[in-house]
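# Structural overview for review
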There are 2 protein chains.
Amino acid sequence: MIRKAAECKKEYRENMRGGNGTVELTSFASPAELYDKGRLFANITLKPGCSIGYHVHEKDSELFYLMKGEALYNDNGVECVLSAGDVMICPVGTGHSIANNGQEDVEICAVIVYA
Amino acid sequence: MIRKAAECKKEYRENMRGGNGTVELTSFASPAELYDKGRLFANITLKPGCSIGYHVHEKDSELFYLMKGEALYNDNGVECVLSAGDVMICPVGTGHSIANNGQEDVEICAVIVYA
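Residues numbered from 1 in each chain as written. Chains lettered and ligands numbered in written order. Predicted model: local features only at pLDDT ≥ 70, side-chain atom pairs only at ≥ 80, totals over all residues. Heavy atoms only, no water.

### Remarks on the overall build of chain A
- When its secondary structure is counted, chain A shows 0 helices and 11 strands.
- Traced from its N-terminal end to its C-terminal end, chain A shows the element sequence β-β-β-β-β-β-β-β-β-β-β.
- In terms of overall dimensions, chain A is globule-like: its C-alpha atoms have a radius of gyration of 14 Å, near the 13 Å expected for 115 residues.
- On the principal axes, the C-alpha backbone points of chain A span a range of 35 × 30 × 25 Å.
- With 115 residues in all, chain A has 55% of them scored as buried. (Helix = DSSP H or I, 4+ residues; strand = E, 2+ residues; numbered from the N terminus. Rg over C-alpha atoms; globule rule 2.2 N^0.38 Å. Buried < 20%, exposed > 50% of the residue type's maximum accessible area, 1.4 Å probe, protein only.)

### A word on the environment of A:I44
All names here are of chain A.
- Residue placement: I44 occurs in strand 4 (residues 38-46).
- Taking the C-alpha atoms as reference points, I44 and T94, separated by 50 residues in sequence, lie 20 Å from one another.
- Other than its neighbours up to four places away in sequence, I44 contacts V23, E24, L25, I52, E62, F64, V106, E107, I108 and A110. (Contact = heavy atoms within 4.5 Å.)

### Some words on the relation of the copies chain B and chain A
- Superposing chain B onto chain A takes a rotation of 180 degrees combined with a translation of 0.0 Å along the rotation axis, leaving an RMSD of 0.0 Å. The symmetry that links the two subunits is that of a two-fold axis. Proximity to the rotation axis, assessed at the C-alpha, singles out B:K37 in chain B; its C-alpha lies 2.8 Å from the axis.
- Mapped onto chain A, 100% of the interface residues of chain B are again interface residues, and the two copies thus contact each other with one and the same surface. (Least-squares fit on C-alpha atoms with pLDDT ≥ 70 in both.)

### Quick look at the layout of surface pockets
Residue and element names in this part refer to chain A.
- Of the volumes computed, that of the largest pocket is approximately 340 Å³.
- In terms of lining, the largest pocket is formed by 25 residues, of which the most central are E11, R13, L25, R39 and L40.
- Contributing elements (two or more residues each) for the lining of the largest pocket: strand 2 (9-14), strand 3 (22-27), strand 4, strand 5 (51-56) and strand 6 (60-68).
- For the lining of the largest pocket, the residue count by class is 11 nonpolar, 5 polar and 9 charged.
- Taken as a whole, the second largest pocket spans an internal volume of roughly 290 Å³. (1 Å grid on protein atoms, 1.4 Å probe; cavity = no way out; pocket = protein on both sides within 12 Å on 5 of 7 lines; lining within 4 Å. Points joined across faces, edges and corners; volume = space filled by probe spheres on them. Nonpolar A, V, L, I, M, F, W, Y, C, P; charged D, E, K, R; others polar.)

### Description of the sheet that holds strand 2 of chain A
- Reading across from one edge, 2(A)-3(A)-4(A)-11(A)-6(A)-9(A)-1(B) is the order of the 7 strands in this open sheet, with antiparallel pairing throughout. Two strands close off the open sheet at either side, each with one partner strand: strand 2 of chain A together with strand 1 (2-3) of chain B.
- Examined bridge by bridge, strand 6 of chain A and strand 9 (residues 87-90) of chain A share 4 bridges and lie antiparallel to one another. By the bridge assignment for strand 9 of chain A, A:F64 is matched with A:M88. (Pairing = 2+ DSSP bridges.)

### A closer look at the sheet that holds strand 11 (residues 106-114) of chain B
- Read from one edge to the other, the open sheet built from 7 strands follows the order 1(A)-9(B)-6(B)-11(B)-4(B)-3(B)-2(B), with strand pairing classed as antiparallel. Sheet topology places strand 1 (2-3) of chain A together with strand 2 (9-14) of chain B at the edges, where each strand pairs with a single neighbour.
- By the bridge criterion, 6 bridges tie strand 2 of chain B to strand 3 (residues 22-27) of chain B in an arrangement that is antiparallel. Across the sheet, residue B:E11 finds its bridge partner in strand 3 of chain B, namely B:L25.

### Comments concerning the interface of chain B and chain A
- Counting residues at the interface gives 37 residues for chain B and 37 residues for chain A.
- Buried surface at the junction of chain B and chain A, summed over both partners, amounts to about 3,100 Å²; 68% is from carbon and sulfur atoms.
- Broken down residue by residue, the surface that chain B buries against chain A is led by B:M1, B:Y35 and B:V87, which jointly contribute 19%.
- There are 2 salt bridges connecting chain B and chain A.
- In this structure, the salt-bridge partner of B:K4 is A:D86, at a minimum N-O distance of 2.7 Å. (Buried area = accessible area lost by both parts, 1.4 Å probe. Salt bridge = Lys/Arg side-chain N within 4 Å of Asp/Glu carboxyl O.)

### Brief notes about the state of the cysteines
Residues and elements named next belong to chain B.
- What the rule picks out here adds up to 0 disulfides over all chains.
- Lacking any disulfide linkage, C8 is separated from the closest cysteine sulfur, that of C109, by 11 Å.
- Here C50 is not cross-linked by a disulfide; its sulfur's nearest cysteine counterpart is in C109, at 19 Å. (Disulfide = S-S within 2.5 Å.)

This is the structure in structure tokens:
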């Protein structure tokens, strides 16, 4: 099954998880298309100055692949700066946040699987 | 948990599924890191002229997000040309192949979840 870029569901979330600005979320697949093994396969775009606030994953695990840009990532309390190609894994029971303090967009491919 | 780009496991597969040339597979997470809900979260790079041959997913479903390039995709028997931003879903029991007949690399973010 093909889902052309223009057919993917796009959402704009303001102050996501207490973060700054607007986060653009482009969903690639529904939970049913993930056989309910997870609930997200999506592109997350953070424009400069935008962020997703710190939150803990209570029932699932989120994995990010940084496709583009430079991101300030809080990995369960430890901050680090990441570049394109880097991977972030937030296992169940741990927390994370991500911010774009750079000049170009940050683009992430995100997956959430149930633990 | 952070996995820097250089730490991601890279494999080179020749004539993958009967396709042409070499496929570069960069794994982002192990099946255990996917809580055994799936077995792949990876970057697949096809250089010009390279392909993954047609195969059926018997026990799982594969989802591709085309990050870069133009791909010739066989969607369970139907061929189509896809561009960056397009999504391909190959549910359990169906088949697919993908080829790079273009001039620039094709880069895919791939996820496999169990059905």
